[in-house]
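If you want the building blocks of each chain, they are given just below.
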Amino acid sequence: MMNKKTIGFLFLIGLIIASCSTRDYFGERTEKEILIFQLEGQAGSTLIKGDTIFVKVSGDILMTNLSATSIKISDYAKVTPAVGEKQDFTQPVAYTVIAEDGSSRVYYVVVESGGSSKPQIPNSNFDLWYTAIHSNYDYEEIGKNEEDKTWGTGNQGAIIALSGDKSKLPSQPHVIGTDNFAAELTTANMGFFGSIAGKGIAAGNIFTGRFDIGNTVNARPVFGIPYTQMPKAFQVDYKYAPSKGLLDGKRKPVEGDDAMDMYLILEKRDGEKVKRLGVGWYRSFDNQTEWETKVIDIEYARNGQAPQGVKEYAKHVLKYGHDGDTSATDPSNMPEVTWGDAATERPTHIIVVFTSSYLGDYFIGAPGSKLIVDNFKLIY
């Protein structure tokens, strides 16, 4: 009789095979969905309900001449109008997705003006969590419901490697009081099946954006949500307890100590091109047993140059950034970002990341390292 771990392993193999063979077996694809839609000047997250896409923009944005900055659609499909094509959004605008087999589906983008010029990111106190289901496993996920794509975690990928043992998930709600939660982020050992894919260590994390499950080979976070303002700092309450004994994705020892990371990056995205306009980054190896309120200044780029005094590690392309390399294995090999000019340019996206192991992107961390964060706030 097969045990639960054997079944989980066979399921993983099945996913990989299915991801490679579905198109060969079934011919031309019929899928024609818009999965992600982001607009210039957007304030907050996109809501997709059926064939209608709801977007809110800041009150100072001219709605007669806007274009989509990012559209993710079904594999092998095409969409028109394309990213970057200007439209008048004072009325609903039709976007047509054409599947590989030639069939089509029309979505209507409805834009509302009046977003705050000093917005806070929804659920910044991390109070909202819901029960998600993936591969017949239920687990806790950040957000109001599955349509809430403001914050993400890696739990969807981890729950398979853990064979449904949600008690070991790296990102969980931390109870403070009745209906009052923080985010508890713990670096976890993913066990034998995780190490097969070089992902035997999973840092606890929470980030603005979403987790793209894809398949077990290319599952990854997708950083960033639409945002157009320029705050001067961010603030967060936190505790941190680093563990000893760094391990890599094969669960082999690595020299050095673990540290937590919390950072905010403001980007201007134009199709696949990215300019980094602002960055606020705090990394700490220290044990912090009591709640600490930390304020991190955001430094802005000028004339295409990195801000003065920014740490070297805050200058590089993120592995899971819009312009990143998801196959990268060494952070020191990542190139420096392209810097913009905050005096003349405005951001289109904000990335906020909290993680219990600073090398978590590369599946390196000390199991048991724990970061608890609460009450994130943008300061204007």
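This one's a predicted model, so the numbers in the text were calculated from it and none came from an experiment.

Chemist: How would you summarise the overall build of the protein if you had to cite specific residues and measurements?
Modeler: Within the protein, the secondary structure is distributed over three helices and 24 strands. For the protein, the C-alpha radius of gyration of 21 Å lies close to 21 Å, the compact-globule estimate for 380 residues. Considered along the principal axes of its C-alpha atoms, the protein spans approximately 55 × 55 × 45 Å. Counting over 380 residues, the protein shows a buried share of 48%. Once local pairs closer than 6 in sequence are excluded, the contacts in the protein between residues at least 24 apart make up 66%. By element, 50% of the accessible surface of the protein is carried by carbon and sulfur atoms, the whole surface being about 18200 Å². Charged side chains of the protein number 39 positive and 47 negative; the gap between the two group centres comes to 1 Å.

Chemist: Provide a residue-level description of the pattern of salt bridges, including the pertinent values.
Modeler: Under the defined criterion, the tally for this structure stands at 10 salt bridges. One salt bridge in this structure joins Arg-105 and Asp-51, with 2.6 Å as the shortest N-O distance. Of this pair, Arg-105 sits in strand β7 (residues 104-115) while Asp-51 sits in the loop between β2 (47-49) and β3 (52-58); the two residues are 54 residues apart in sequence, bridging distant segments of the chain. Judged by its relative accessible area of 26%, Arg-105 falls in the partly exposed class. The salt bridge involving Lys-268 is made with Glu-345; its shortest N-O contact spans 3.4 Å. Of this pair, Lys-268 sits in strand β19 (residues 260-270) while Glu-345 sits in the loop between β22 (299-300) and β23 (349-355), placing them 77 residues apart in sequence. On the basis of relative accessibility, which here comes to 31%, the residue Lys-268 falls in the partly exposed class. By relative accessible area, Glu-345 is classed as buried at 10%.

Chemist: Describe in detail the sheet that holds strand β18 (residues 233-241), supporting the description with residues and values.
Modeler: Ordered by their spatial adjacency, five strands build an open sheet running β11-β12-β24-β18-β21, and the pairing between neighbours is antiparallel. Among the strands making up the open sheet, the edge pair consists of β11 (171-177) and β21 (288-297). Each strand of the sheet is rotated relative to its neighbour by a mean of 30°, with strand direction disregarded. Both β18 and β21 contribute to a ladder of seven bridges, which runs antiparallel. Paired with Gln-235 across the bridge in β21 is Val-295.

Parameters at a glance
- Residues numbered from 1 in each chain as written.
- Predicted model: local features only at pLDDT ≥ 70, side-chain atom pairs only at ≥ 80, totals over all residues.
- Heavy atoms only, no water.
- Helix = DSSP H or I, 4+ residues; strand = E, 2+ residues; numbered from the N terminus.
- Rg over C-alpha atoms; globule rule 2.2 N^0.38 Å.
- Buried < 20%, exposed > 50% of the residue type's maximum accessible area, 1.4 Å probe, protein only.
- Contact = heavy atoms within 4.5 Å.
- Areas by Shrake-Rupley, 256 points an atom, 1.4 Å probe, with all protein chains shown as cover.
- Lys, Arg positive; Asp, Glu negative; His and termini not counted.
- Charge placed at Lys NZ, Arg CZ, Asp CG, Glu CD.
- Salt bridge = Lys/Arg side-chain N within 4 Å of Asp/Glu carboxyl O.
- Pairing = 2+ DSSP bridges.
- Axes fitted to C-alpha atoms, helices over the stretch in contact; angles between N-to-C directions.

Interpretation note: all reported values are geometric properties and have no functional meaning in isolation.
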